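Chain residues, written in single-letter form:
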Amino acid sequence: MPDKPRFCLPGVPAHAVRRENSLQAVFFSEEDYQPYLPWFKEGCDRNGCVIHTCVLMTTHVHLLVSPDEPDSISRLIQLVGRHSVSCVNHRQGRCETFR
């Protein structure tokens, strides 16, 4: 089942959380954290977002982000998800998805 649509106002900071299915770990080692910040930068550049703060936790990620468009945050999270799913699945030898 897809997540409910986010209610976002352009230019207004919003709290966004990205977590893995069944609350499983997203980060397994120090090297798993490394690509996330460049992915967020790419997502912000492509989708018109400004990240004010980012907290990378073992099982999820918190963002305080201001979107330029109502769907900018969703597109940012989707872009990071596409990158991270293949990267983490390859490293962990699994074929699950993130949400």
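Bear in mind that the values here come from a model prediction, so they are computed numbers and not experimental data.

Enquirer: Pulling in residues and values, what's your account of the packing of aromatic side chains?
Expert: If you walk through the whole model with that rule in mind, you get four aromatic pairs. Seen from their ring centres, F27 and Y33 are 4.1 Å apart, and the 10 degrees between their planes marks the pair as stacked. Owing to a relative accessible area of 3%, F27 belongs among the buried residues under this scheme. Grouping aromatic residues by their ring pairs yields a cluster made of F27, Y33, Y36, W39 and F40.

Enquirer: Outline the environment of F28, supporting the account with residue identities and numerical values.
Expert: Along the chain, F28 falls in the loop between β1 (14–19) and α1 (30–33). Each C-alpha atom of the pair F28 and T58 lies 7.4 Å from the other, and the pair is 30 residues apart in sequence.

Enquirer: Account for the environment of M57, naming residues and giving values.
Expert: Among the secondary structure elements, M57 is positioned in the loop between β2 (49–56) and β3 (60–67). The class of M57 is partly exposed, set by a relative accessible area of 36%. Taking the C-alpha atoms as reference, M57 lies 9.3 Å from Y33; in sequence the two are 24 residues apart. Once you skip the residues sitting within four places of it in the chain, M57 turns out to touch F27, Y33 and H62.

Enquirer: Could you give an account of the side chain of R18, with specific residues and numbers?
Expert: Relative to the assigned elements, R18 resides in strand β1. A polar contact is formed between the side chain of R18 and the side chain of Y36, at a distance of 2.9 Å.

About the thresholds
- Residues numbered from 1 in each chain as written.
- Predicted model: local features only at pLDDT ≥ 70, side-chain atom pairs only at ≥ 80, totals over all residues.
- Heavy atoms only, no water.
- Phe/Tyr/Trp six-rings, centres within 6.5 Å; stacked < 30°, edge-to-face > 60°.
- Buried < 20%, exposed > 50% of the residue type's maximum accessible area, 1.4 Å probe, protein only.
- Helix = DSSP H or I, 4+ residues; strand = E, 2+ residues; numbered from the N terminus.
- Contact = heavy atoms within 4.5 Å.
- Polar contact = N/O pair within 3.5 Å; in protein donor to acceptor, adjacent residues only side chain to side chain.

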